[in-house]
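# Chain and residue survey
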Amino acid sequence: MTLACLLVFMAQMATTVYLPSLPTVMRELAMSRRATELSISIFVIGAALPVLFWGAAADRFGRRAPLTLSLFLFIGCSGLLALCSNGTQLLALRALQGVGAGGAAIIARIIVRDNWSGDELARRLSVLSIAFITALGGGQFVGGLLSQYSHWQMGFVLMGTTGLAILALMATLPLEAGRARGPRPAMVATYFAILRRPGFFWPACVGGLGFATTVTLQEVSPFVMQQGFGLNVTAFGALGLVIGIAYFSGALTVNRTVARVGGKKLMQTGSGIVALATVAILILWWSGILAGLSGMALFIALYCLTIFGQAVLFPNSMAMAVSDAKEYGAYAMALCGFLQQCLAGVAAAGAVLLEHHGLWTLAIALLGLAGWLMVKLRM
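Residues numbered from 1 in each chain as written. Predicted model: local features only at pLDDT ≥ 70, side-chain atom pairs only at ≥ 80, totals over all residues. Heavy atoms only, no water.

Per an unreviewed UniProt entry, the protein goes by Multidrug effflux MFS transporter and derives from Serratia montpellierensis. For the protein, the Subcellular location (unreviewed entry) comment in UniProt is given as "Cell membrane". (UniProt positions renumbered as here; feature names shortened; annotations may be inferred.)

### Side note on the side chain of Gln-340
Mapped onto the secondary structure, Gln-340 falls in helix α14 (residues 330-353). Among residues more than four places away in sequence, those in contact with Gln-340 are Pro-203, Ala-204, Gly-207, Gly-208, Phe-211, Phe-314, Ser-317 and Met-318. (Helix = DSSP H or I, 4+ residues; strand = E, 2+ residues; numbered from the N terminus. Contact = heavy atoms within 4.5 Å.)

### What about the nonpolar core?
Within the largest apolar cluster, 127 residues are counted, with the highest numbers of intra-cluster contacts made by Tyr-18, Leu-67, Leu-90, Phe-200, Met-225 and Phe-299. No other element matches the 15 residues that helix α13 (residues 292-324) contributes to this core. Not counting residues up to four positions away in its chain, the partners in contact with Leu-67 are Leu-3, Leu-7, Ala-104, Ile-107, Ile-111, Met-170 and Leu-175. (Core = buried A, V, L, I, M, F, W, Y, C linked by side-chain atoms within 4.5 Å. Buried < 20%, exposed > 50% of the residue type's maximum accessible area, 1.4 Å probe, protein only.)

### Some points on the environment of Pro-20
Structurally, Pro-20 can be placed in the loop between α1 (2-16) and α2 (22-28). Classification of Pro-20 as buried rests on a relative accessible area of 0%. Distance from Pro-20 to Val-261, taken between C-alpha atoms, is 38 Å for residues 241 residues apart in sequence. When residues no more than four places from it in sequence are discounted, the contact partners of Pro-20 are Gln-140, Gly-143, Gly-144, Ser-147, Gln-226, Val-233, Phe-236 and Gly-237.

### Some remarks on the packing of helix α5 (residues 64-81) against helix α6 (residues 87-113)
Between α5 and α6, whose axes approach to 8 Å, the crossing angle comes to 150°. Considered as vectors, α5 and α6 are oriented roughly antiparallel to each other. In the crossing of α5 with α6, the sense of the turn from one axis to the other is left-handed. The residues of α6 that touch α5, namely those facing Pro-66, Leu-67, Ser-70, Leu-73, Phe-74, Cys-77, Ser-78, Leu-80 and Leu-81, are Leu-90, Leu-93, Arg-94, Leu-96, Gln-97, Val-99, Gly-100, Ala-101, Gly-103, Ala-104, Ile-107 and Ile-111. By residue class, the composition of the contact of α5 with α6 is 15 nonpolar, 5 polar and 1 charged. (Axes fitted to C-alpha atoms, helices over the stretch in contact; angles between N-to-C directions. Parallel < 35°, antiparallel > 145°, perpendicular 65-115°, else oblique. Left-handed = near helix turned anticlockwise from the far one by under 90°. Nonpolar A, V, L, I, M, F, W, Y, C, P; charged D, E, K, R; others polar.)

### A word on the packing of aromatic side chains
Under the criterion given, the structure shown has 10 aromatic pairs. Seen from their ring centres, Phe-229 and Phe-299 are 6.1 Å apart, and the 35° between their planes marks the pair as tilted. With Phe-229 in the loop between α10 (198-228) and α11 (233-261) and Phe-299 in helix α13, this residue pair connects regions lying 70 residues apart in the sequence. In this pair, the class of Phe-229 matches that of Phe-299, namely buried. Feature note: the residues Phe-229, Trp-285, Phe-299, Tyr-303 and Trp-360 constitute an aromatic cluster, connected by ring pairs. (Phe/Tyr/Trp six-rings, centres within 6.5 Å; stacked < 30°, edge-to-face > 60°.)

### Some remarks on the pattern of salt bridges
Tallied over the full model, the rule gives 7 salt bridges. Two residues, Arg-33 and Glu-37, come together in a salt bridge whose shortest N-O distance is 3.5 Å. Taken together, the residues Arg-33 and Glu-37, both in helix α3 (residues 33-48) and 4 residues apart, mark about one turn of the helix. A relative accessible area of 25% means that Arg-33 is categorised as partly exposed. Among the ionic pairs, Arg-197 bridges to Glu-327, the shortest N-O distance being 3.0 Å. Of the two residues, Arg-197 sits in the loop between α9 (187-195) and α10 while Glu-327 sits in the loop between α13 and α14, which places them 130 residues apart along the sequence. (Salt bridge = Lys/Arg side-chain N within 4 Å of Asp/Glu carboxyl O.)

### As for a nonpolar patch on the surface
Together, Trp-286, Leu-359, Leu-362 and Leu-366 give the surface a local cluster of nonpolar side chains, amounting to about 390 Å² of exposed area. Considering every element that reaches the nonpolar patch, the biggest residue donor is helix α15 (residues 359-378), with 3 residues. By the element assignment, Leu-359 lies in helix α15. (Patch = residues over 30% accessible without salt bridge, like charges linked within 9 Å, V, L, I, M, F, W, Y side chains within 5 Å. Areas by Shrake-Rupley, 256 points an atom, 1.4 Å probe, with all protein chains shown as cover.)

### Digging into the packing of α3 against α6
Their axes nearest at 6 Å, the elements α3 and α6 cross at an angle of 30°. In terms of their interaxial angle, α3 and α6 are classed as roughly parallel. Of the two possible hands of crossing, α3 and α6 adopt the one that is right-handed. Two secondary-structure elements touch here, α3 through Ala-35, Leu-38, Ser-39, Ile-40, Ile-42, Phe-43, Gly-46 and Ala-47 and α6 through Leu-90, Leu-91, Arg-94, Ala-95, Gln-97, Gly-98, Val-99, Ala-101 and Gly-102. In terms of residue class, the contact of α3 with α6 is made up of 11 nonpolar, 5 polar and 1 charged.

So this is what it looks like as structure tokens:
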């Protein structure tokens, strides 16, 4: 669990430690706002695209070899990003860093899946959410301090150092071996068989839509808060702590109640909260209420409510999906991660293409409503 938590922490912090610096990066590297925001979504897309191959590699070669490869890729890209001097380099390296981060994060979940299933798996995945929370809130806070008192590229130095520490820990632990010498299922046929299972497909999509909502909010929040509401970079970094508390509250709710309430009920509750909060943001933004100090406070409250709902929704959706296809082992967890990362990456990339006159509020509201309707109509 310690290894898995550190891997999830590293993968998520690679985005959040960099968030407060987006306006600075835009100025220093002479990039457009869209291109700068694309450095977030391209990381998510890079994490998503090879996940199916990471899953197949983990099944064939065991957990250790592909995890080592993903960590080396992540550490190398982090080191090069610390020396980055132009926008093209930034985007290319962020995509490759995402590939490494995606491999590390999905194998972390596979390691947890190796040991637990059902509602207990949801509880263990909520423990992984604690690591996600630490990176979500603490990463943004640390990123704000680095941007204010050092340089934004120091965040990537920190990420590379974290990857090295995880490599050292991994060397001391036993991990499940693969089946390189035994019969191996065909990768495409296996993934297609899993995808055809409604008990897998719908929960995975619901979790992905919730993840897409939060990634889109993360992507636009530096510009909304710093340029729209006039928040300075340190204060924006501190906002990450508030968001972290919201996610922690949701994860703790899952951890304490899933055995009694059940994962399906918690997923219904989480999707409803996300839909309610995002629709409220849409209505209040276009009605002009989200302006000034009171508007900023209301926006932060709704942002935190969205994060809370996603924290309740996400581990239960993933646990329900992979437990339905438990006989497929690493393949099921990899496909679940792939679907969720793809939905998040496409949504975040789409938000970049929107003109930033509030249309992002429509995007998150549609994502939130789609997840809630999917639960109500398909589950």
